[in-house]
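Reading the structure
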Amino acid sequence: MDITVATSTARTTQFHRSICGVTELLLHCSGTYYIYKYKRRSLPSEVIRDTTSYGQTVSENLFIVNKQLAPDGFQRSTVLAGLTPSTGSFPGPLISGNKGVRFNLNVTDQLTDPSMVRSTTVHWHGLFQKTTNYADGVAFVSQCPIAANHSFLYDFQVPDQAGTFWYHSHISVQYCDGLRGPLVIYDPQDPQAYLYDVDDETTVLTIADWFHNTSTELIAAAVAPPADATLINGKGRYLGGPAVPLAVINVQQGKRYRFRMISIACDANHNFSIDGHRLTVIEVDGENHEPATVDNIQIFPGQRYSFVLDATQPVDNYWVRALSSSGVDADPTTTNSTGVVLTESMLHPLENPGAPGLPFPGGADEVLNLTLGFNLPATFFMNDTQYIPPTVPVLLQILSGAQSPQDLLPPGSVYTLPINKTIEINFFGNATPGGPHPFHLHGHSFDVVRSADNTTYNYENPVRRDVTSVAIGNQTTIRFVTDNPGPWFLHCHIDLHLEFGLAVVMAEAPSLVKATDVTTPAWDELCPIYDSLTPAQLP
């Protein structure tokens with residue numbers, strides 16, 4: 001087996017080619033695979049990525065295509081991203097850069113399959129998009145969709161963020177059809193670099209649920225069936241399906257690996273563990289945190305964790321488990337002790353800990369209470385209002401002069417917030433089914449002063465992230481500062497729940513948007529093109 005292993009130096013990342021004779025095990029399971037640890041014989045190294053430059057530009061073409069794919073052995077039509085029209089993959093290609101990077105990402109829609117949505121957008125999950133709200137990629141919030149046979153350039157800078165992110169479609173339930181992939185921003189001055197030896201594309205882990213039904217079939221059913229498979233790095237098996245190859249990670253005994261785990265799931269949450277190994281969490285949703293060592297990580301859709309694995313165990317094969325909350329997990333037949341399970345109360349930011357505002361409930365400039373709700377058939381509510389996407393993007397409404405909640409559409413789903421104020425949001429899970437509900441706020445990280453798994457408050461050093469769960473019958477409380485004008489989506493990251501209304505828009509400092517968020521001529525053209533589509537060209 002020809003294996004690529006990486007080591008890092010202060011100025012470069014060097015890749016060493018090694019040869020190792022391995023008999024690959026084929027494991028019949030949903031959402032599991034193994035780590036194989038081996039001794040390496042080094043060959044001359046080659047520098048292939050410079051990590052010293054700040055403020056570089058990364059330009060890529062992303063082609064959005066339909067493709068027949070069978071990641072779990074069942075073939076179906078999918079919606080994929082690729083660097084060329086013929087290389088669409090699941091997950092999509094890794095997009096990466098260094099802190100300070102400017103991205104020029106030209107997305108070309110070549111979708112043709114009428115059984116699924118043929119327009120598209122791409123959201124760059126976790127990136128704040130300060131002064132570039134137009135590039136946030138949310139259909140009917142920050143842009144009109146990109147119509148088939150058209151393209152759109154997402155041009156934005158990431159001046160002060162580093163960490164683990166991802167990208168996905170943000171129109172209807174399209175990302176469940178496959179348009180999702182990893183995005184990593186490396187920090188050459190990472191304050192926790194001393195904790196690991198290897199951090200490269202081989203240590204990016206994507207965890208996904210996979211459905212044999214298309215997104216339009218899921219919507220028509222009005223409820224998500226159990227996922228057919230769990231895919232790790234795009235590979236998995238469904239119960240009763242063929243023994244297709246599973247993902248394999250190769251690590252070298254004695255090395256410490258920074259794994260960047262991303263839940264690109266659209267419905268299920270997963271419990272992740274590695275037999276015989278502990279996981280030291282050092283990053284949460286693009287925010288550095290003090291090291292926390294656990295045995296098991298529950299990860300919800302949209303969340304990301306970097307953990308360090310110290311490969312100190314004997315050379316052997318070890319199960320890696322991503323056990324799904326939805327569907328059936330078959331092999332392995334052995335069990336792994338649960339041990340210490342990560343909770344949000346264990347996580348404390350490495351830099352500038354502490355929630356904004358005063359250290360008591362309600363100690364913020366503005367307090368919003370958002371109560372989740374549900375009615376049949378398949379209707380979710382926030383404060384008794386179902387989110388229904390407007391026909392005119394909220395950003396375009398604001399740029400056209402609408403400023404107040406009464407003027408902004410959809411009615412009852414847009415909350416205006418003043419600039420430079422501390423905002424506290426209390427989520428009440430109520431009896432809303434389908435939870436826990438992972439809520440994601442665009443444009444910000446937030447401090448979770450009360451987590452779904454804890455009834456106490458922490459204002460001193462709460463976890464800081466951009467996706468947190470809201471549990472049935474419980475309360476979750478977050479705080480953030482309004483320092484980023486623009487309309488920012490706040491929604492459940494279970495994609496069908498969003499489709500059925502579990503979302504609101506935070507219109508932050510709308511009077512400042514025109515001066516701070518400059519759009520492009522190409523953005524101006526998106527709505528006229530999309531609005532000209534005939535019924536035969538939709539969905």
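See the structure shown above.
What this report covers is the structure whose coordinates are included nearby. (Residues numbered from 1 in each chain as written. Predicted model: local features only at pLDDT ≥ 70, side-chain atom pairs only at ≥ 80, totals over all residues. Heavy atoms only, no water.)

Okay, the overall build of the protein next. Broken down by element type, the protein carries five helices and 33 strands. Counting the 539 residues in the protein, one finds 60% classified as buried. Sequence separation of 24 or more characterises 76% of the internal contacts of the protein that already satisfy a separation of 6 or more. As displayed, the protein has an accessible area near 19500 Å², and 53% of this comes from carbon and sulfur atoms. (Helix = DSSP H or I, 4+ residues; strand = E, 2+ residues; numbered from the N terminus. Buried < 20%, exposed > 50% of the residue type's maximum accessible area, 1.4 Å probe, protein only. Contact = heavy atoms within 4.5 Å. Areas by Shrake-Rupley, 256 points an atom, 1.4 Å probe, with all protein chains shown as cover.)

The method is simple in principle: a probe with the dimensions of a water molecule rolls over the atoms, and the space it marks as empty is what remains. Counting across every chain of the model gives one cavity of 30 Å³ or more. Lining the largest cavity, in full, are C176, F211, L218, A224, C266, D267, I494, D495 and L496. For the lining of the largest cavity, a count of residues per class yields seven nonpolar, no polar and two charged. (1 Å grid on protein atoms, 1.4 Å probe; cavity = no way out; pocket = protein on both sides within 12 Å on 5 of 7 lines; lining within 4 Å. Points joined across faces, edges and corners; volume = space filled by probe spheres on them. Nonpolar A, V, L, I, M, F, W, Y, C, P; charged D, E, K, R; others polar.)

F272, F307, I425 and M506 are the most contacted members of the largest nonpolar core, which totals 74 residues. Among the elements that make up this core, the one with the highest residue count is strand β13 (residues 204-210) (five residues). In terms of nonpolar packing, the next biggest core, distinct from the first, is built from 55 residues, I95, L127, V158 and W523 among them. (Core = buried A, V, L, I, M, F, W, Y, C linked by side-chain atoms within 4.5 Å.)

If you walk through the whole model with that rule in mind, you get two disulfides. Each sulfur in the disulfide pair C144 and C527 lies 2.1 Å from the other. In this structure the cystine formed by C144 and C527 twists about its S-S bond by roughly 90°; its chirality is therefore right-handed. Highlighted residues: C144 in the loop between β9 (123-125) and β10 (151-157) and C527 in helix α5 (residues 521-531), separated in sequence by 383 residues. Residues C144 and C527 agree in their burial class; the two are buried. The partner cysteine of C176 in its disulfide is C266, sulfur to sulfur 2.4 Å. The S-S bond linking C176 to C266 shows a torsion near 125°; that makes this disulfide right-handed. Here the residue C176 occupies a position in the loop between β11 (163-168) and β12 (180-186), and C266 occupies one in the loop between β16 (256-263) and β17 (270-274), the gap between them amounting to 90 residues. This pair shows no difference in class: C176 is buried, exactly as C266 is. (Disulfide = S-S within 2.5 Å.)

Sheet strands line up and pair through hydrogen bonds in the backbone, either parallel or antiparallel. Spatially, the four strands line up as an open sheet ordered β7-β12-β11-β9, and their pairing is mixed. In this open sheet, the two edge strands, each paired with only one partner strand, are β7 (95-98) and β9. Between one strand and the next, the sheet's axes are offset by a mean angle of 20°, whatever the strand orientation. Where β7 meets β12, four bridges bridge the pair, whose relative direction is parallel. Opposite I95, over in β12, you have L183 as the bridge partner. (Pairing = 2+ DSSP bridges. Axes fitted to C-alpha atoms, helices over the stretch in contact; angles between N-to-C directions.)

No statement about biological role is implied by the geometric values presented.
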